[in-house]
Amino acid sequence: MKIAKLAVTALAVSVLFSACNINRIDNTVTSETETTVVPTTAETTTETTTNPPVETETETTEKIETEAHTDEEVSSAETQTGTTATDNPFRIDTNLLDDLRDMLTLSRPDKPSPDFFNDAVFVGDSVTLGLKNRAVSERNKGNEFLGEAQFLCAGSLNYYSAASSLSNSYAIHPTYKGQKVTVPEGIKKSGAEKVFIMLGMNDFSGSATEVWQSNINKTFDKILELSPDVTIYVQSVTPIANGYEYGKFTNENIAVFNNYLASVCKERGFYYIDINSVLADETGYLNKSYCGDLGSGGMGIHMSYPGTDAWADYLENTFCR
Amino acid sequence: MKKIFCFALSVLMLFVFASCGNTPVEESSDKQSLPLSEIMAKIESQITLPAMISLSSADLSDFYGIEETEYSEFCVSICENSLQKDQIIMFKAADESYVDGIREKLNTIRQGALDETENYLPEQFDLVSKSEVRVNGLYITLFVSPDLAAINEIFDNSI
């Protein structure tokens with residue numbers, strides 16, 4: 001009798017486990033009512049993915065080739081970014097960058113002005129969270145740091161999530177004044193007139209090219225739908241430190257991503273700020289003195305305080321000069 | 001006789017008034033509680049914390065949506081490293097009517113940390129999972145730390 005009871009209990013437990021085995025892999029089903037292109041779960045996880053998607057033919061043909069540069073281009077690049085155009089193999093198309101730099105030059109004030117950032121909001125992932133934490137720390141000591149700029153950040157945030165609604169349970173959303181909001185809603189609620197956006201680190205290595213390209217444009221569409229008068233400054237995705245690349249998570253693919261971002265900026269009239277070059281060393285990897293997560297368990301992408309300071313210094317004193 | 005009676009009545013009235021004055025006043029439990037800043041100092045002296053940043057009341061409004069009118073005391077520190085979710089968050093609500101609101105907002109913060117870390121920082125996800133928003137009278141706390149039990153004990157013994 002006891003054996004029979006034991007057997008029945010074991011059977012009930014095994015049935016219970018089967019029923020509770022929730023499979024979250026398939027999120028490409030049409031339960032997502034938006035038209036946002038939805039990557040699979042394998043694509044949304046970046047830093048921990050063990051099965052990166054197979055590189056498509058499209059992606060292999062998009063690799064950026066280093067171009068021969070004129071002395072003028074090299075000199076211009078050195079002045080603006082502190083790196084040389086010929087040394088960094090991960091730079092985007094130099095001609096495109098120069099065009100965008102000219103646009104940016106015309107938009108900025110004549111002198112350094114921390115007030116420039118008082119009506120700004122910085123949108124980003126965990127990399128920008130580092131900038132936010134630095135701002136909090138410095139401002140609470142009474143020091144100036146990017147004026148009164150607000151921050152709308154979340155670790156793992158990407159263009160996919162930024163283009164998604166709150167009902168999408170696979171998307172990450174930031175909070176604004178304690179409330180979870182979408183990126184476009186958060187920008188609107190913040191009342192900011194300038195949007196500095198840096199996303200992509202959690203897009204390019206986990207999604208197919210056409211997926212992240214679509215999500216980039218959808219994000220900008222939705223931001224402008226709610227806040228049509230904002231000025232958008234797209235910051236390039238920052239580099240990975242040497243020794244921390246793996247799979248598709250490479251500086252070469254960051255260059256492809258940044259090149260696309262730059263082309264969107266040119267086409268849609270957004271400003272493009274090449275933060276990637278500001279923080280890269282002469283070989284195009286993240287300058288290790290700017291990296292705060294080196295060593296065991298580190299990802300080689302998040303900034304140390306010198307890194308966030310170099311970033312903010314560029315924005316306040318070079319971009320705003 | 002009348003004089004004796006009046007005198008006795010006066011003495012009796014004296015005793016009555018004296019006993020009213022001697023009614024022991026119940027001490028508020030808050031009188032025994034340490035200020036949150038001192039509790040934070042105790043935590044910092046007894047627990048090895050990573051480098052932390054203290055938040056201001058302006059930060060609490062911007063990040064958590066918790067306004068100054070809702071609390072009479074606060075002490076909030078978060079980890080300086082954006083990849084670590086260690087947090088020491090303590091509020092004393094201005095009155096009972098604000099307790100639920102603060103608790104709800106801290107639960108939103110906690111859930112946000114879970115969402116952020118679930119897919120790419122499993123150790124931090126585990127850390128946040130073990131945390132909880134606790135309410136004790138007017139005090140609302142959220143501690144996220146590998147030394148959660150010790151921090152809870154320090155706090156519980158301080159209020």
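Source: prediction; values computed, not measured. (Residues numbered from 1 in each chain as written. Chains lettered and ligands numbered in written order. Predicted model: local features only at pLDDT ≥ 70, side-chain atom pairs only at ≥ 80, totals over all residues. Heavy atoms only, no water.)

A. Quick look at the overall build of chain A. Helix and strand counts for chain A come out as 12 helices and seven strands. In chain A, buried positions account for 56% of the 321 residues. Taking contacts inside chain A between residues at least 6 apart in sequence as the whole, the part at least 24 apart equals 73%. Looking at chain A as shown, the accessible area adds up to about 14,200 Å², and 52% of this sits on carbon and sulfur atoms. (Helix = DSSP H or I, 4+ residues; strand = E, 2+ residues; numbered from the N terminus. Buried < 20%, exposed > 50% of the residue type's maximum accessible area, 1.4 Å probe, protein only. Contact = heavy atoms within 4.5 Å. Areas by Shrake-Rupley, 256 points an atom, 1.4 Å probe, with all protein chains shown as cover.)

B. Representation of the overall build of chain B. Helices and strands together make up the secondary structure of chain B, namely six helices and five strands. Reading the helices (α) and strands (β) of chain B from amino to carboxyl end gives α-α-β-α-β-β-α-α-β-β-α. For chain B, with 159 residues in total, the buried portion stands at 42%. Here the contacts in chain B between residues at least 6 apart in sequence split such that 58% fall between residues at least 24 apart. Roughly 9,000 Å² of accessible area belongs to chain B as shown, and the carbon and sulfur atoms make up 55% of that amount.

C. Quick peek at the nonpolar core. Within the largest apolar cluster, 82 residues are counted, with the highest numbers of intra-cluster contacts made by F117, F122, L146, I197, F220, L315 and F319 of chain A. The element that contributes the greatest number of residues to this core is helix α10 (residues 251–268) of chain A, accounting for eight residues. Those residues in contact with F117 of chain A that sit more than four places away from it in its chain are F122, L146, G147, E148, A149, F196, L315, E316, F319 and C320 of chain A. I78, F91, L138 and I140 of chain B belong to the second largest nonpolar core, which has 27 residues in total. (Core = buried A, V, L, I, M, F, W, Y, C linked by side-chain atoms within 4.5 Å.)

D. Fine view of the pairing of strand β6 (residues 231–235) of chain A. Residue and element names in this part refer to chain A. For β6, a buried count of four out of five residues is recorded, marking the element as mostly surrounded by other parts of the structure. Two strands pair when backbone bridges link them, and strand β5 (residues 194–198) and β6 are joined in this way by four bridges, in the parallel orientation. For K194, the partnering residue across the bridge sits in β6 and is T231. Taking the sense of rotation as the criterion, the β-α-β connection linking β5, helix α9 (residues 209–226) and β6 turns out right-handed. (Pairing = 2+ DSSP bridges. Right-handed = clockwise from strand over helix to strand, strands pointing away.)

E. Seen up close, the interface of chain A and chain B. Each partner contributes residues to the interface: chain A has 25 residues there, and chain B has 24 residues. Interface area for chain A against chain B, summed over the two sides, is near 2,100 Å², with a carbon-plus-sulfur share of 54%. If you sort the residues of chain A by the area they bury against chain B, N133, K177 and G178 of chain A come out on top, with a joint share of 24%. On the surface where chain A and chain B come into contact, there are two salt bridges. (Buried area = accessible area lost by both parts, 1.4 Å probe. Salt bridge = Lys/Arg side-chain N within 4 Å of Asp/Glu carboxyl O.)

F. View of the environment of L146 of chain A. Residues and elements named next belong to chain A. Within the fold, L146 resides in the loop between α6 (126–139) and β2 (150–153). For L146 and F117, which are 29 residues apart along the polypeptide, the C-alpha to C-alpha distance reads 5.7 Å. Setting aside chain neighbours within four positions, we find L146 in contact with P114, F117, F122, L131, R139, F151, A312, L315 and E316.

G. Layout of the pattern of salt bridges. Counted under the stated rule, the structure contains 13 salt bridges over all chains. Here E138 of chain A and K141 of chain A are joined by a salt bridge, their closest N and O atoms 3.5 Å apart. A residue is classified by how much of its surface remains accessible, and E138 of chain A, at 12% relative accessible area, is buried. A salt bridge links D115 of chain B to K180 of chain A; the shortest N-O distance between them is 3.2 Å. Taken together, the residues span two chains, with D115 of chain B in helix α4 (residues 99–117) and K180 of chain A in strand β4 (residues 179–180). Several salt bridges converge on common partners, so that one network encompasses R134, E138, K141 and D309 of chain A.

H. Expanded view of the environment of V128 of chain B. Residues and elements named next belong to chain B. Of note, V128 is situated in helix α5 (residues 122–130). Separated by 69 residues in the primary sequence, V128 and D59 place their C-alpha atoms 21 Å from one another. Not counting residues up to four positions away in its chain, the partners in contact with V128 are K85, R110, A113, L114 and V144.

I. Broad picture of the packing of aromatic side chains. In the structure shown here, the tally under the stated rule is 23 aromatic pairs over all chains. Ring centres of F117 of chain A and F122 of chain A lie 6.2 Å apart, and the angle between their planes is 35°; this geometry places the pair in the tilted category. Since its relative accessible area comes to 0%, F117 of chain A is described here as buried. Here K132 of chain A stacks its cationic end above the ring of F63 of chain B, 4.0 Å away from the centre of that ring. It is K194 of chain A that lies over the ring of F116 of chain A; its NZ or CZ is 4.3 Å from the centre. (Phe/Tyr/Trp six-rings, centres within 6.5 Å; stacked < 30°, edge-to-face > 60°. Lys NZ or Arg CZ within 6 Å of the ring centre and 35° of its normal.)

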